[in-house]
Every structure is written in C-alpha cells, then in structure tokens.
Amino acid sequence: MRLVLFDVDGVLVHGYHTRPEKRRRWDEHMEDDLGISPDIFRDRFIKSLFESHVLTGQMALISALDQTLPELGFTGSSWSLVSYWLERDSQINHPLLRLIRDLQRTGAAKLCVATNQEHLRAFHLWNNLGLGGLFDDMFNSARLGVMKPARGFFDRIVEIVGTQHERPLMFDDSPAVVAAANEAGWEGVLFDDLEDCAEHPWIKAQLAR
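The text that follows walks through the structure, step by step, so that each part is easy to find. (Residues numbered from 1 in each chain as written. Predicted model: local features only at pLDDT ≥ 70, side-chain atom pairs only at ≥ 80, totals over all residues. Heavy atoms only, no water.)

This brings us to the overall build of the chain. A tally of regular secondary structure across the chain gives 11 helices and seven strands. A globule of 209 residues ought to have a C-alpha radius of gyration of about 17 Å, and the chain, at 18 Å, matches this closely. Per-residue burial for the chain yields a buried fraction of 48% across its 209 residues. In the form shown here, the chain has an accessible surface area of approximately 10,100 Å², with 49% of it arising from carbon and sulfur atoms. The centroid of the 22 positive side-chain charges in the chain is displaced by 5 Å from the centroid of its 31 negative side-chain charges. (Helix = DSSP H or I, 4+ residues; strand = E, 2+ residues; numbered from the N terminus. Rg over C-alpha atoms; globule rule 2.2 N^0.38 Å. Buried < 20%, exposed > 50% of the residue type's maximum accessible area, 1.4 Å probe, protein only. Areas by Shrake-Rupley, 256 points an atom, 1.4 Å probe, with all protein chains shown as cover. Lys, Arg positive; Asp, Glu negative; His and termini not counted. Charge placed at Lys NZ, Arg CZ, Asp CG, Glu CD.)

Residues L169 and F171 of strand β6 (residues 169-172) are buried on one face, and the alternating residues M170 and D172, pointing to the opposite face, are buried as well. Pairing between strand β1 (residues 2-6) and β6: three bridges, direction parallel. Residue pairing across strands places V4 opposite L169, the latter belonging to β6. In this structure, β6 lies alongside strand β7 (residues 187-190), joined through four bridges in parallel fashion. Paired with D172 across the bridge in β7 is L190. As for the winding sense of the linkage, the β-α-β connection from β6 through helix α9 (residues 175-183) to β7 is right-handed. (Pairing = 2+ DSSP bridges. Right-handed = clockwise from strand over helix to strand, strands pointing away.)

As a further point, take the pattern of salt bridges. When the charged atoms of two side chains lie near each other, side chains of opposite charge can form a pair. The full count for this structure, using the stated rule, is 20 salt bridges. The salt bridge involving R42 is made with D39; its shortest N-O contact spans 2.2 Å. Here D39 and R42 lie together in helix α2 (residues 38-54), a separation of three residues that amounts to about one turn. By relative accessible area, which is 28% here, R42 ends up partly exposed. You can call D39 partly exposed: its relative accessible area is 45%. Salt bridges here are not isolated pairs; linked through shared partners, they connect R19, E21, K22 and D192. (Salt bridge = Lys/Arg side-chain N within 4 Å of Asp/Glu carboxyl O.)

Here's what the structure looks like:
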C-alpha cells in the first residue's frame, strides 16, 4: 500500500488557499456578526499566537483566544468564536472526497491527512465532517509539534508510519510545501483542482484497475 496524503485547506476543504483568488474566507462577515475586524484578528491573533504557539501544539486554541479576545473588545466566550469559525470554515471538497473514496476501494493506498492544524479543528474535521470515515490517520502540526514546510513535519510522519517501500505521495496547494516534500524524498504534487489528483499517473492507474 502506498502512503497517500492530502492537505486540508485549499485541497480537502475550500477555504484558505495559497492563491488569494481561490480563497473562501470564513471571516468575511466577522465584523458584522461579532464586532471583530478580520484584519485586526489576523494581525493580532492569527499571525502571532496562533501561528507561533497554537498550530504547533504549544498552546490550546481556547487559552490563546482567552488571552487575545479581550484586547480586541470581544466580550463573548472564546467557545462561541470557535463555533463560529468551525461552522464557516468547513466547505468540504466533495468531488475530491468521492475520488478518494474510489481510491480507498482499490486497497492500493493508505490514505492520510497532512495539515497545519490545531487540535480542535482537527477533531472537528475528523469526527464531525467525516474525514475519519475515509482516512486512516491525520497528521496535524499540533500533533507533530512542527509545521509544514519544515523538514521535521515529514520526518515525524515517517517516524510514526515507518519506512515506506514506495515514496509517499502528497497533494498540497502550497508550492513551498510541495518543494519541501520532494526534498524529503516524497512525491509532492501541487493541487489546484480535481484533475491534479484524478490525472496523476499512479492514481489514474489504480482507479482504472
């Protein structure tokens, strides 16, 4: 079985994409709904505590929000913001999941998720959005303690799954991550739309059997 991995945002989920024109923002109406400016939230939270401590598992998302939201004038519960976030950042790429399910039926692949993700959203994706019913495992940055595209992200996955007889195949929307995967000895493929997966020679060969 070949290890085949998929990124979340920009691949399995229509949301934050490396290409700005393809992004579907969960925070588009955040100021009207919650009174928090999306730009300020990104600058004061996402680009600081979230990326430096939450995504690598050093700090829980709720704790980080508890620390930041009062500074932004938000008086509600951090849990209410998380619920708002998860509800709007969950636009599953259903055509891709159908293709992956077809690949699953071939028995040729060990299917996994490889994503920069903190634990709460990873749990939501796995349990509430059904990824756990399709994939064998999820390797999220908070679990591994390191984010893509750092080499340690790929090394930690190999430590967990063991040495592979065939190069792991990984689909990601980030050119930097794809390059890092290739440097780690994997086969990284830049994902822009469904055809990038469906027309991949190995995937196509398995589905044609």
